[in-house]
Structures are given as C-alpha cells and as structure tokens.
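# Observations on the three-dimensional arrangement
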Amino acid sequence: MFIFVINFIAIILLIYLAVSYVYFYYVIYNASKARLVSIENKITNVDYLNSFNVVIYAHNCEQTIATLLTALKGQEYNKERYNINVILDNCTDETARVLEINSGARLWRLSTEDGYRAGKAESIKWFFDRIFINDKSDAFVFLNGDCTVRPDFLARLNDKINKTPVISGITLNKNLYSSFIGRTIGYRKIFLNTIIFLGRNIAGFLNYLNDDVFAIKKDTLLQVRNSFSRENDFHFELPMVLSNQNIKMEHSPDIRVFKQYYETTDNILDFFNKINFKKFFVFKNHFKDLFSKEYTWASKEYIISGLYPGEFFVILAIIFLSKFAFVDGFVLGYQGPWLLFIYYLILFIYLCRVAKFSLHKFVFWFCWLLFSPLALVSNYFINYYGAYMERKKLREEESKAHENSTFIDVLLTNGDLELMTKIEIINEDALFRVVFWYEKKFMSSKKYLRLSEALKEISDTLIEKGFALKICQNCGYFEFQNNGRSDFDRGNCYLKMIKKESQYPELTSVWDCCENIIPKHAKSFVKKELENLDRE
C-alpha cells in the first residue's frame, strides 16, 4: 500500500513538472524574441501626443510625495499635455501640508466614515466618478505616492499607449546596486519582468496589473470602472475583465517606477508572498469559470497560472522523488528523478542565457533560493493565517455593529419614480445615527439624542437633492406622541380615523413606509378633518 501511494504521488508530480517545463520553455522562448519585437516597435514614429491625467494615490506619503511631484514636473514632455491629481486617502500625517507647499497638483481628499483608508481601487472609482464628465484627457496614469520616475517616463508611456489601450509597467527598488538584499530582490524582479512577464505577454498570455504603475485609455476606463472596488484585487481581476471584452493589455519593461524606500528581508518576503497568495486565490475563486464560455482562453490560462510551481517547489519535488529512487517497485526507477533534475538544469541555463545573466548576477539569483523556503512557508501558512484572522476580525466587527443597528426597507421618490432603498438605525451610547443606503452608496447623519432628529437630517438632505423618503415622519397623517420619550420613535397615524375605518389613531414608528403618504404641509387639512370627526 505504501509503495502504491508513493507511485501515485510520483506520477502526479511527473505530469505536473513535465507540463510546467513545457510552459516555462515556451515562455522563455517568447522572451528571447523581445529584442526583435522592440526593434519593430521603435520603427513606428510617434505622431500624436496624448493628454495624460496623472493620478497619484497617497496614504501617509509625506516623506516621498514631494520627490515624485518634482520628477513629474520635470518630465521631457509637453507641459500642457498632462496634469497631476493627488488622491489623499484618509491621510493622518503631513502629506496634505507637503503638497500645499509643492504647488502644481490638484488635491482630492477622501475621508471614510470609519477613518480607515478606502484603498486604491475604491479611490480610483471615487475619483473617476467625479471628474470623467468634464475631463478632457486621452488617458489616465496611476502611480503610488512612494515611487518616483525618470524624466522620459511620460514620453515612453505615450509611445506605448498609442498602440495598446492598457499598459502595465514594472517596479524596481531604490537600493538595487547598494546592498546584498537589494540586489537579490532587484535581480529577481528583473528576471520576472524581462523573462516571465514579457514572455507571457508576447505569447498572448495575461499578466497581473502592476499596482505601482499602469496607464489606461479614458474610454477603456469608462468601460471597466466598476471593476475598481474594495471587494476585488483589481490588479489581479482586471486583466480577465479586459481579456473577456477583447481589450488588449501590454506588460512593458520600458515603463518603470522606482520605490523610494530600501528593501529589507521582510519587504522581499512580503512582496512575493502577497503575489503568490493572491494568484492562488484567483485560481480558487475562479475555478468554475474554467468551464464558462464567457471567459477567453487567455483568461482561463491566467486562472490556471496560479498553480505554476516556483523554483523551490521544483527542487523539493526532485529531492522527494530521489529519496525513493532505489526503492523496489518505484515506478520512475533511479533514473527518473535525475532526468527531471537535468531537464530543470537545462531550463535554468537557457533562462540565464536569455536573461543575459553574468556570473555575478547568477550568484545573486542563486541566493534567491535561500529565501524561497521562507517565502513558501510564509506564503501558505503565515499569510493564510493572517487572512483568516483578518476575516474573523471583520466578521466580529460587523456582528458587533449589527447588534446595535436595524435595517429597514423604505421607498424613495422624486415624484415620478420610486426606488426601494434602506435606512440603518444605529444606537451608539444612547445616541442615534441614521444611515441612508442605496445599492453600495450610503449617507450618514450626525449623532442625536432623538432618533427623529437624525431621520430629519437625512430627509432634509435628500429633499435638497430632489428626493423624498416615504416614511411616517414625513407624512401629514402622522403626529408624534407627547409621552416624554426622548428618542421620539413612535407616533399616531390618523389615516384610518379620517377614513372612518377606526375610532382611534394607529400607533406607528417614525420609519414605517406607507403608500398613502401625504406632504407635511397638508397637516392643517388633517386637523380640520379630525375636528369634524369630534363634532360628529
């Protein structure tokens, strides 16, 4: 039974590694054609200067944002063909003050109700929803506030985006040649961007979008703007959305940004762990889409790519198979593991040749293997545990929040249309707050001693926008009870009395929704009707 299990695992590993080898050989072969492709691209003359809207996402970047702004102002590009906007996502440091001193950029302050940052995806959608009607730009460039760029950044980007509507760049670290750790991570990133990503791009495969630097045509952004939300890792999900809509995205090593902080061992592991972790969850969340006709073959390959093995896994698999190489009944025999190792060594040499790795770079590349075991353990254990604890904390916070809140369905009208919406009544430390919800958008009142005052603030704000809530508090048939209650959440409805269906008013809540609502200014009519009833 034992040897049967080992043989089964060995066959699975053999097929898995064999398929992976074919994939990597194909990607490296395509990367070897990059020089010819780049020469062909340089033949085309740039006959149009795009108007760029450069959008910088910043959260507590007071130490780095000024350097990036200086670099953008010094671009070798027509100054009238680009403008700079900075989104300040719940910044708690002096980023805003630094930017006010450095003029030349328009500031957009985003503040959430809970004080936590909204994230880049939500910030992009929030920003675009506010400017897209009046914006005259041809394309948007998105950068992070902790990066910087070279003087020819926009000129290179202009050449690329004239041919492809979505461009994803690369990120290099500040200390690429100044420390051992910096070179280790730097050469690893160069390898990924000049071999794997570039080879996949030429082969027609998809790459995830670089969160630090990407550009997108305005009309394309208009098509996919709903993909930017805090529920999605947009730089992993967006490539599939683009592919399924037949929109081309190019990964370009020519479009570079440089991190302004120095790399550490923690940064190295954190960077690659998050990438591997999220790629695995792309596979997990989209496994069923492998059988969907709405997904392109490129999107399906992209989903499967989350399972491709890393260097350390390949070496670990070969060591595992070698351990049983001389066991009687082992299906691969003693030659199988060695052949797998030789094929991998040839693949590795071919890769180094295409990447033009010198002996010096080869040493640092080999050092990466020392980090791989730590990365693997951290990726599938520490990160998974961290994500589990984060989800648990969110569930606990939501559960705690819902203990003191009540959701109620109400109708919203503008006189012609009626929309089903919700209001959330929250009781916090004996104070009331009301949140109006429509789809995923919300509007919150201040805290009040009386619930009716919180509801009135929401109602008045909606009236200013041309809408009215069809709730009892806003109805002429309704009157508050004078019973000393401080929250004013109950009252009398006189509709049935006026219709002579009842001798007594009906007790209702201020938030109750009713189709027979009449305006408050009609209350004088209701009083006259009640007086007539008294006379009778």
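Everything here concerns the structure above.
In short, a report on the structure. Note that this is a predicted model, so its numbers are computed, not measured. Per-chain numbering applies: the sequence of each chain, read as written, is numbered from 1 onward. With the structure being a predicted model, the display of local features is reserved for residues of pLDDT at least 70 and the display and counting of side-chain atom pairs for 80 or more, all residues being used for whole-chain, interface and lining totals. Processing note: side-chain calculations cover all non-hydrogen atoms of the structure and skip hydrogens and water entirely.

Moving on, we get to the overall build of the protein chain. The way it works is that DSSP assigns letters per residue, a run of H or I at least four long becomes a helix, a run of E at least two long becomes a strand, and they are numbered from the N terminus. Along the protein chain, the regular secondary structure elements total 17 helices and 16 strands. Among the 536 residues that make up the protein chain, the fraction classed as buried is 47%. Should any heavy atoms of two residues lie within 4.5 Å, those residues are counted as being in contact. Intrachain contacts of the protein chain at a sequence separation of at least 6 include 68% that bridge at least 24 residues. Accessible surface, the protein chain as shown: approximately 29200 Å² in total, 57% of it carbon and sulfur. Accessible area is worked out with a 1.4 Å probe on protein chains only. A residue is then buried under 20% of its type maximum, exposed over 50%, and partly exposed in between. Under the convention used here, a 1.4 Å probe and the Shrake-Rupley method define accessible areas, while residue burial counts only the protein chains that appear.

The way to describe two aromatic rings as a pair is by their centre distance and the angle between their planes. Ring pairs are drawn from Phe, Tyr and Trp, using the six-membered ring of Trp, whenever the two centres fall within 6.5 Å, and their geometry is named by plane angle: stacked under 30 degrees, edge-to-face over 60, tilted for the rest. Scanning the entire structure with this criterion turns up 27 aromatic pairs. It is Arg225 that lies over the ring of Phe132; its NZ or CZ is 4.6 Å from the centre. Both a distance and an angle decide whether a charge sits over a ring: NZ of Lys or CZ of Arg must be within 6 Å of the ring centre and within 35 degrees of the ring normal.

Two strands form a pair only when DSSP identifies at least two bridges running between them. Read from one edge of the open sheet, five strands run β12-β11-β10-β9-β13, paired in antiparallel fashion. Of all strands in the sheet, those bounded by a partner on one side alone are β12 (441–444) and β13 (468–469). Two strands pair when backbone bridges link them, and strand β11 (residues 431–438) and β12 are joined in this way by four bridges, in the antiparallel orientation. Opposite Trp437, over in β12, you have Phe442 as the bridge partner.

Right, let's talk about the packing of helix α12 (residues 311–323) against helix α13 (residues 335–355) for a bit. Each axis is a line fitted through C-alpha atoms, and for a helix only the stretch in contact is used; angles between axes span 0 to 180 degrees, taken between their N-to-C directions. Direction vectors running N to C along α12 and α13 enclose 155°, while the axes themselves pass 9 Å from each other. With respect to their mutual orientation, α12 and α13 come out roughly antiparallel. The chirality of how α12 crosses α13 is left-handed. Here Glu311, Val314, Ile315, Ile318, Leu321 and Ser322 of α12 come into contact with α13, specifically with Pro337, Leu340, Phe341 and Tyr344. Throughout, the ten residues Ala, Val, Leu, Ile, Met, Phe, Trp, Tyr, Cys and Pro are labelled nonpolar, Asp, Glu, Lys and Arg are labelled charged, and all others, Gly among them, are labelled polar. In terms of residue class, the contact of α12 with α13 is built from eight nonpolar, one polar and one charged. Each angle gets one of four labels, with under 35 degrees taken as roughly parallel, over 145 as roughly antiparallel, 65 to 115 as roughly perpendicular, and the rest as oblique. Left-handed describes a crossing in which the near helix is turned anticlockwise from the far one by less than a right angle; the clockwise case is right-handed.

Now for the nonpolar core. One finds Tyr21, Phe191, Ile195, Ile196, Tyr302, Leu321 and Phe330 to be the most contacted residues of the largest nonpolar core, which totals 45 residues. Every residue in contact with Tyr21, bar those within four places of it in the chain, is listed here: Val314, Ile318, Leu340, Tyr343, Tyr344 and Leu347. Only buried Ala, Val, Leu, Ile, Met, Phe, Trp, Tyr and Cys residues count toward a nonpolar core, and they belong to the same one when joined by side-chain atoms within 4.5 Å.

With that settled, consider the pairing of strand β2 (residues 82–89). Counted residue by residue, β2 has seven buried out of eight residues, so it is predominantly covered. Here strand β1 (residues 52–58) runs beside β2; their pairing, made up of seven bridges, is parallel. Directly across from Asn53, in β2, lies its bridge partner Asn83. For the handedness criterion, the β-α-β arrangement of β1, helix α3 (residues 65–73) and β2 is classed as right-handed. Relative to strand β3 (residues 106–110), β2 is paired through five bridges, and the arrangement is parallel. For Leu88, the partnering residue across the bridge sits in β3 and is Arg109. When the strands point away from the viewer and the connection leading from the first strand across the helix to the second strand turns clockwise, the crossover is called right-handed.

Remark: helix α1 (residues 2–31) packs on α13, axes separated minimally by 10 Å, with the N-to-C direction vectors making an angle of 15°. Judged on the interaxial angle alone, α13 and α1 are roughly parallel. The hand of the α1/α13 crossing is left-handed. On α13, the residues touching Leu14, Leu17, Tyr21, Phe24, Tyr25, Ile28, Tyr29 and Ala31 of α1 are Leu340, Tyr343, Tyr344, Ile346, Leu347, Tyr350, Leu351 and Val354. Looking at the contact of α1 with α13 residue by residue, the classes come out as 16 nonpolar, no polar and no charged.

Right, let's get into a nonpolar patch on the surface. Note that patches include only residues with greater than 30% relative accessible area and no salt bridge, and the join distances are 9 Å for like charges and 5 Å for nonpolar side chains (Val, Leu, Ile, Met, Phe, Trp, Tyr). Any Lys or Arg side-chain nitrogen located within 4 Å of an Asp or Glu carboxyl oxygen qualifies as a salt bridge. A cluster of nonpolar side chains, namely Trp338, Leu339, Phe341, Ile342, Tyr343, Leu345, Ile346 and Ile349, defines an oily patch on the protein surface of about 770 Å² accessible area. Mapped onto the elements, Tyr343 comes out in helix α13.

Next up on the list: the sheet that holds strand β16 (residues 506–509). Taking strand neighbours across the sheet as the criterion, the three strands line up as β14-β15-β16 in an open arrangement whose pairing is antiparallel. Pairing within the sheet leaves two strands with one partner each, and these edge strands are β14 (478–480) and β16. Here the strands of the sheet are splayed against their neighbours by 40° on average, with no regard to which way each runs. Both β14 and strand β15 (residues 490–493) contribute to a ladder of three bridges, which runs antiparallel. Bridge pairing in β15 places Phe480 opposite Gly491.

Cysteine sulfur pairs qualify as disulfides if the two atoms are within 2.5 Å. The final tally for this structure, using the stated rule, is zero disulfides. Cys61 supplies the cysteine sulfur nearest to Cys147, a cysteine that is in no disulfide, at a spacing of 8.9 Å.

Further remarks concern the pairing of strand β8 (residues 249–259). The buried fraction of β8 amounts to nine of the eleven residues, a majority that puts the element mostly inside the structure. Of the pairings in the sheet, the one linking strand β5 (residues 147–148) to β8 comprises two bridges and is antiparallel in character. What sits directly across from Cys147, in β8, is Lys259. With six bridges connecting them, strand β6 (residues 166–172) and β8 associate as parallel partners. Within the sheet, the bridge partner assigned to Ser168 lies in β8 and is His251.

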